[in-house]
Amino acid sequence: MTATHILLLIGGYFILLLLISFFTGKNDSNTDFFKAGKQSPWYLVAFGMIGASLSGVTFISVPGWVESSEFSYMQVVFGYLAGYFVIAFVLLPIYYKLNVTSIYEYLQGRFGVVSYKIGAISFFISRVLGASFRLFLVAIVLQQFVFDSWNIPFELTVVLSVMLIWVYTFRGGIKTIVWTDTLQTLFMLLSVGLSIYFINDKIGWSFSEFYSSSELQNYSQIVFTDDFFSKTHFIKSFMGGMFITICMTGLDQDMMQKNLTCKNLGDAQKNMVSFSLILVVVNFVFLLLGALLFIYAAKFNVATPLMDGTPKSDLLFPEIALNSGLGITVAITFMLGLIAAAYSSADSALTSLTTSFCVDFLDIDKKAVFKQTKIRKTTHIWMSVLLIIVVILFKYVLDRNVIDGLLTVATYTYGPLLGLFTFGIFTNYQIKDRFVWIVAISAVLIALALAKIPAESIGGYVVGYELLPINGLLTFIGLYLIRKKE
């Protein structure tokens with residue numbers, strides 16, 4: 001598949017998204033942009049959230065992680081499942097009862113303005129970095145397999161990627177996203193299923209032969225309980241996964257904004273539960289694909305592609321799909337899946353960043369009505385520019401597997417949110433709101449210091465994703481210390 005073919009495919013895909021945007025964005029109102037008029041069918045939101053939750057990071061990076069971590073990621077996924085039930089039955093009832101546009105408005109009513117702003121800032125930093133991770137991944141794939149052949153610089157690739165997202169989201173916002181996410185999820189799942197089928201066919205296996213093969217057994221260990229000090233121990237991975245989901249979904253404006261478009265709380269809960277169960281199966285299929293990719297690479301001598309002279313396992317899937325002779329069908333479905341996976345999370349991130357900044361920082365509801373739409377559109381442009389800058393910076397600073405980097409960043413940036421919401425929901429204390437920023441910064445700095453302790457200094461213990469609940473606990477303790485006396 002040539003670079004020209006890939007570009008034509010991308011162009012056709014975005015024409016389809018623009019058509020959806022045209023029909024869903026006819027009512028260019030802030031109500032539709034932020035909440036979709038609270039008329040989204042729950043099953044549509046649930047299906048679309050699969051693609052938004054997986055993103056290009058899962059599509060590329062999870063399969064690439066199998067070689068070094070086997071199926072240990074499933075331990076994190078089981079934690080995700082527990083976290084989604086907490087969201088459905090603890091957090092969603094609160095958001096619906098308060099009828100919020102930004103979920104961080106809860107913190108203002110519970111504690112005060114400083115807590116509200118700290119929550120919004122934590123989300124803003126987290127989502128900018130998270131969205132940038134996802135965009136970075138698709139940008140390096142497009143660069144490696146399309147734009148390098150035309151000597152187009154990486155920076156221009158990033159600009160074009162973000163501009164395409166802006167074009168189809170600037171009018172309809174979350175109302176458009178609910179529908180485009182559904183289409184993108186469909187493309188992503190079809191891509192993975194067809195890739196598994198055609199790679200097995202090339203090897204000469206049926207799916208059952210692959211599933212029972214000795215080669216798969218070399219990669220397929222799921223539960224790791226032999227070394228508690230290891231980063232991949234089951235308890236650490238499960239607890240980390242649960243809290244990552246509570247924070248990155250339940251305390252995240254991006255993911256909750258879709259849930260808040262459902263007609264009522266019952267529909268939102270049905271969406272969350274059904275989506276979470278399906279997600280476990282889908283993640284397992286991605287890991288199967290990862291094992292199959294490394295088996296195929298070994299059988300047909302496909303080398304892991306280099307990026308800046310270093311092997312990059314994240315690029316193995318595109319290398320096999322596009323350059324190993326599997327045929328045009330695999331190449332097309334892979335590119336459609338990649339584009340869908342990347343943009344299904346990036347477009348909603350851009351929309352949620354616009355929403356949060358307008359509501360949480362600009363107080364858009366307090367502005368004159370005739371100014372509100374202009375403020376929203378201007379903010380949407382500046383959020384696009386910010387994403388472009390951060391994605392370009394990642395090329396020069398990121399030195400790890402992308403999904404590992406994404407989850408590691410989450411352990412720091414979501415900690416204050418976890419502590420604030422937990423303290424607000426499970427205690428009756430009021431706090432000295434003006435000191436909350438000190439508590440939040442202190443918790444993050446202590447967490448950073450803990451992560452920097454050499455493993456040999458603490459008996460070989462490797463700090464993993466359990467740092468997120470530790471960060472939240474530090475925030476909780478700090479809030480207790482600044483509580484008001486009765």
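### What to know about the overall build of the protein chain
A tally of helices and strands in the protein chain yields 20 helices and two strands. Taking all 486 residues of the protein chain together, 58% fall into the buried category.

### Overview of the pattern of salt bridges
Tallied over the entire structure, the rule returns two salt bridges. Here Lys270 makes a salt bridge to Asp267, at a shortest N to O gap of 3.4 Å. One end of the pair, Lys270, and the other, Asp267, are both in helix α13 (residues 265-299), three residues apart, so they sit about a helical turn from each other. A residue is classified by how much of its surface remains accessible, and Lys270, at 42% relative accessible area, is partly exposed.

### Digging into a positive patch on the surface
On the surface, Lys432, Arg434, Lys484 and Lys485 cluster together into a patch of positive charge. The topology assignment puts Lys432 in the loop between α18 (415-426) and α19 (436-452).

### Quick notes on the environment of Val66
You can see Val66 is positioned in helix α3 (residues 42-69). Taking C-alpha positions, Val66 is 9.4 Å from Leu293, a pair spaced 227 residues apart along the chain. Not counting residues up to four positions away in its chain, the partners in contact with Val66 are Phe71, Tyr219, Leu287, Gly290, Ala291 and Phe294.

### Regarding the side chain of Ser126
Relative to the elements of secondary structure, Ser126 occurs in helix α6 (residues 113-145). According to the relative accessible area criterion, Ser126 is buried, its value standing at 4%. Polar contacts involving the side chain of Ser126 include one to the main-chain carbonyl oxygen of Ser122, which spans 2.6 Å. Those residues in contact with Ser126, other than ones at most four positions away along the chain, are Thr413 and Tyr414.

### Some words on unusual backbone geometry
Even without being a glycine, Glu70 presents a positive backbone phi close to 50°. You can see Glu70 is positioned in the loop between α3 and α4 (73-98). Positive phi, normally seen in glycine, also occurs at Asn151, with a value near 60°. In this structure, Asn151 sits in the loop between α6 and α7 (154-169). Looking at Asn151, the relative accessible area reads 69%, which means it is exposed.

### Some words on the side chain of Gln143
Structurally, the position occupied by Gln143 is in helix α6. Overall, the relative accessible area of 7% leaves Gln143 in the buried class. Here Asp148 takes part through its side chain, which lies 2.8 Å from a polar atom of the side chain of Gln143. Polar contacts involving the side chain of Gln143 include one to the main-chain carbonyl oxygen of Ile152, which spans 2.7 Å.

### Side note on the environment of Asp181
One can find Asp181 in helix α8 (residues 174-203). For the pair Asp181 and Ile50, spaced 131 residues apart in the sequence, the C-alpha separation amounts to 8.4 Å.

Thresholds, definitions, all that
Position numbers for residues count from 1 along each chain, tracking the sequence in the order it is written. Given that this is a predicted model, residues contribute local features only at a pLDDT of at least 70 and side-chain atom pairs are listed and counted only at 80 or more, while totals for whole chains, interfaces and linings are drawn from all residues. Where side-chain values are given, they derive from all heavy atoms of the structure, hydrogens and water being excluded. Starting at the N terminus, helices and strands are each numbered in turn, a helix being any DSSP run of H or I of at least four residues and a strand any DSSP run of E of at least two. To sort residues, take the accessible area from a 1.4 Å probe on protein chains only and compare it with the maximum for the residue type: under 20% means buried, over 50% means exposed, and anything in between is partly exposed. Whenever Lys or Arg places a side-chain nitrogen within 4 Å of a carboxyl oxygen from Asp or Glu, that contact is recorded as a salt bridge. Patch definition: residues with relative accessible area over 30% and no salt bridge; like charges joined within 9 Å; nonpolar side chains (Val, Leu, Ile, Met, Phe, Trp, Tyr) joined within 5 Å. For accessible areas, the Shrake-Rupley method is used with a probe of radius 1.4 Å. Any residue's cover is judged against the shown protein chains and nothing else. Just so you know, the count uses Lys and Arg for positive and Asp and Glu for negative, and it drops His and the chain ends. For the purpose of locating charges, the reference atoms are NZ of Lys, CZ of Arg, CG of Asp and CD of Glu. A contact between two residues is defined here by any heavy atoms of the two lying within 4.5 Å. Pairs of N or O atoms are called polar contacts if they sit within 3.5 Å, as long as, within protein, a hydrogen donor faces a hydrogen acceptor (for residues adjacent in sequence, only side-chain-to-side-chain pairs).

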